[in-house]
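So you can see what is in the structure, the chains are spelled out below.
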Amino acid sequence: MEIEAYLKKDYIKNLVKEGKREDGRAFDEYRKIILDNGYAKEKAPGSCMVQLGKTKVMAGISIDIGEPYSDRPEDGVMSTSTELRPIASPKFESGPPNEESIEVARVIDRGIRESGAIDMKKLFIEEDLVWVVFIDIHVMDHSGNLIDAGGIAAISALLNARLPKYEDGKIICGEYSGKLPLTGTPVPCTMVKINDSILIDPSIDEEYGMDARLTISTTDTINAMQKGGNGSFNEKEVMDAVDMAYAKGKEIRRMITGD
Amino acid sequence: MSGGDNDVVLIKGNKRLDGRGFDELRDIKMEVSVLERAEGSAYIEWGKNRVIVGVYGPRELHPKFLQDPTRAMLRCVYNLAPFSVDERKKPGPDRRSVEISKVCAEALSSVVMLERFPNTVIDVYVEVLQADAGTRCAGLTAASLALADAGIPMKDLVAACSAGKVQGQIVVDLMKEEDNFGQCDLPMAIIPRKSEVVLLQMDGKLSRDEFKQAYKMAVDGCMKVYEMQKNTLLGSMNKFVGVEGGVENGD
């Protein structure tokens, strides 16, 4: 069992009962978000380092050419992975992806894919050849809420990503033909339920103390949702969470796109 | 979800491809105690889905450092058989099944009285033999029956059902074609007595109001599934004590 989580649980639950959070935030307040776009731009076509409070996550975009899926021969391909690097937490170990990293990657992937944010039709090159976009999310410091930090990093990196130059059947390294075509800015918003309160953007201790978690990724519609944890939500809590995700998503989107 | 192809006709008049109305579930059949060696087991036919679930435990958990002196651990393995889908699926866990296993284990943990069995593990094995969309809902529905069949104390059953959007229409319990060419899939599972959601995933495009409607339809679907679950357990108990005429189950 996780001793740290076990000990922190009571502390967090008692705080929330008094209407408080350990870092003094309001229940509907995000930690400070700092974006560093193009963090690895000398090599990666797109990249972004995100700090969400003390959580530090980097997303890098790699773009290659490859075969389309047989059922969508004219669409580009995207793939999202998350690596919980051992540098980020004493609990992380090197090795193949575990269920936590797979869940983070898949929830972020769904938000981007289902919103149609990447214009897949424009990633067609010629018959049986399309652009393949890899989103790699690298967790450097885990202080809670990896889905939101990773999701913000991923879409920011995509927004500054460039499409490599393609000539005579091969990619020309380090040269670009333009921007990666994007049509939207999906933003995930994660909330946790502790006792009967809903808290946005959980810290690591609040994740230890949570009963259940709900992530909602929005553009102008809802694009992805994921409930986690062993607890449950009632209907009102879910509907309130949807409204909250729209409102916070809008604020964060404005910050990412700068308008 | 593939973004909603409009050239595939999924709704004609007020009927879906298989003749169902928008709020109609596929035919569902359930049975418990179908395996000899497992502590508890259940089999479910849900449309073209065929899923069998076996439960082992509570039993000793190894390696020992995983043991929790305050409660049992509940593990779930969701496995698609290679022959269960159109194109052979490579055996073994892929990213999708790892994620489904995780959310199903969390959903079941909300009802099982884990604190009664410290240091142990309860293993739930979900084997999908034929898949036609909605396998996690079918698996979870059968899993809670198998847990009950194993006599493991629970606060309630977990009942699952999906809703979604097909050609602009909110419908319940998507079948394969609707899942492939629809605009949204919303699998859900609830604790029926509290009417609280324990599994909720969604992908596609839904407005706030559409989500509200889909949520209600999924909950209604779950309640229908719950009635069938209770009848199935009652039937098996009646059979066990020798009462004739167990409750007929069906849609």
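Look up a bit, the structure's there.
None of these values were measured; they are calculated from a predicted model. (Residues numbered from 1 in each chain as written. Chains lettered and ligands numbered in written order. Predicted model: local features only at pLDDT ≥ 70, side-chain atom pairs only at ≥ 80, totals over all residues.)

J.: Explanation requested: the pairing of strand 6 (residues 129-141) of chain A in the structure shown.
T.: Strand residues, when the strand is regular, have side chains that alternate between the two faces of the sheet. Residue and element names in this part refer to chain A. One ladder, built from 11 bridges, connects strand 3 (residues 55-66) with strand 6; its direction is antiparallel. Each residue of the ladder has a partner; that of Ser62, found in strand 6, is Phe134. One ladder, built from 8 bridges, connects strand 4 (residues 77-84) with strand 6; its direction is parallel. Residue Leu84 lies in a different strand from strand 6, and its bridge partner there is Val139. The pairing of strand 5 (residues 124-126) with strand 6 spans 2 bridges and is antiparallel. The residue of strand 6 that forms the bridge with Glu126 is Leu129. The loop that links strand 5 with its antiparallel partner strand 6 comprises 2 residues; one of these, Asp128, has a positive phi angle of about 65 degrees. (Pairing = 2+ DSSP bridges. Helix = DSSP H or I, 4+ residues; strand = E, 2+ residues; numbered from the N terminus.)

J.: So what exactly am I meant to see when it comes to helix 3 (residues 146-159) of chain A here?
T.: Since there are 3.6 residues in each turn of an α-helix, residues three or four apart along the chain are aligned in direction. End to end, helix 3 of chain A covers 20 Å across 14 residues, agreeing with the expected 20 Å (1.5 Å per residue, within 8%). Extensive coverage of helix 3 of chain A is indicated by the burial of 13 of its 14 residues. (Expected span 1.5 Å × (residues − 1). Buried ≥ 20, exposed ≤ 12 C-beta atoms within 10 Å, placed from the backbone.)

J.: What am I meant to see in unusual backbone geometry here?
T.: Across residues other than glycine, the phi torsion is negative in most instances, and most of the peptide bonds are trans. In the segment running from B:Gly57 into B:Pro58, the intervening peptide bond is cis, with an omega of 0 degrees. Checked against the element boundaries, B:Pro58 lands in strand 5 (residues 49-60). The residue after B:His62, namely B:Pro63, is reached through a cis peptide bond having omega -5 degrees. Turning to its location among the elements, B:Pro63 is positioned in the loop between strand 5 and strand 6 (73-80). The phi dihedral of A:Asp168 falls on the positive side, at around 50 degrees, and the residue is not glycine. Topologically, A:Asp168 is positioned in the loop between strand 7 (162-167) and strand 8 (170-179). For A:Asp168, a count of 5 C-beta atoms within 10 Å corresponds to the exposed category. Here the phi dihedral of A:Asp201 falls at roughly 50 degrees; this positive angle occurs in a residue that is not glycine. Mapped onto the elements, A:Asp201 comes out in the loop between strand 10 (197-200) and helix 4 (204-209).

J.: Sorry if this is basic, but what is going on with the environment of B:Lys194 here?
T.: Residue and element names in this part refer to chain B. Relative to the elements of secondary structure, Lys194 occurs in the loop between strand 10 (184-191) and strand 11 (196-206). Lys194 sits in the partly exposed class, given 14 other C-beta atoms within 10 Å. In this structure, the C-alpha to C-alpha distance between Lys194 and Asp156, residues 38 residues apart in sequence, is 9.0 Å.

J.: What is the right way to look at the sheet that holds strand 4 (residues 40-46) of chain B in this model?
T.: Paired through backbone hydrogen bonds, the strands of a sheet run either parallel or antiparallel to each other. Residue and element names in this part refer to chain B. Strand order in the open sheet formed by 5 strands is 3-4-5-7-6, and the pairing between neighbours is mixed. Because the sheet does not close on itself, it has two edges, and the strands there are strand 3 (28-32) and strand 6. For this sheet, the mean angle separating the axes of adjacent strands, direction not counted, is 15 degrees. Across 9 bridges, the pairing between strand 5 and strand 7 (residues 120-130) is antiparallel. The residue bridging Val53 from the neighbouring strand is Val126, located in strand 7. Relative to strand 4, helix 2 (residues 135-149) is tilted by about 150 degrees, and along the sheet it contacts strand 3, strand 4, strand 5, strand 6 and strand 7. (Axes fitted to C-alpha atoms, helices over the stretch in contact; angles between N-to-C directions. Contact = placed C-beta atoms within 7 Å.)

J.: How should I be thinking about the interface of chain B and chain A in this particular structure?
T.: Note: interface size is frequently given as the accessible area lost on complex formation between the parts. With 31 residues of chain B at the contact, the number on the chain A side is 26 residues. No other element matches strand 11 of chain B, which puts 11 residues into the side of chain B that touches chain A. By residue class, the composition of the side of chain B that touches chain A is 12 nonpolar, 8 polar and 11 charged. One ladder, built from 4 bridges, connects strand 12 (residues 222-228) of chain A with strand 11 of chain B; its direction is antiparallel. Its bridge partner lying in strand 11 of chain B, A:Ala224 is registered against B:Asp203. (Nonpolar A, V, L, I, M, F, W, Y, C, P; charged D, E, K, R; others polar.)

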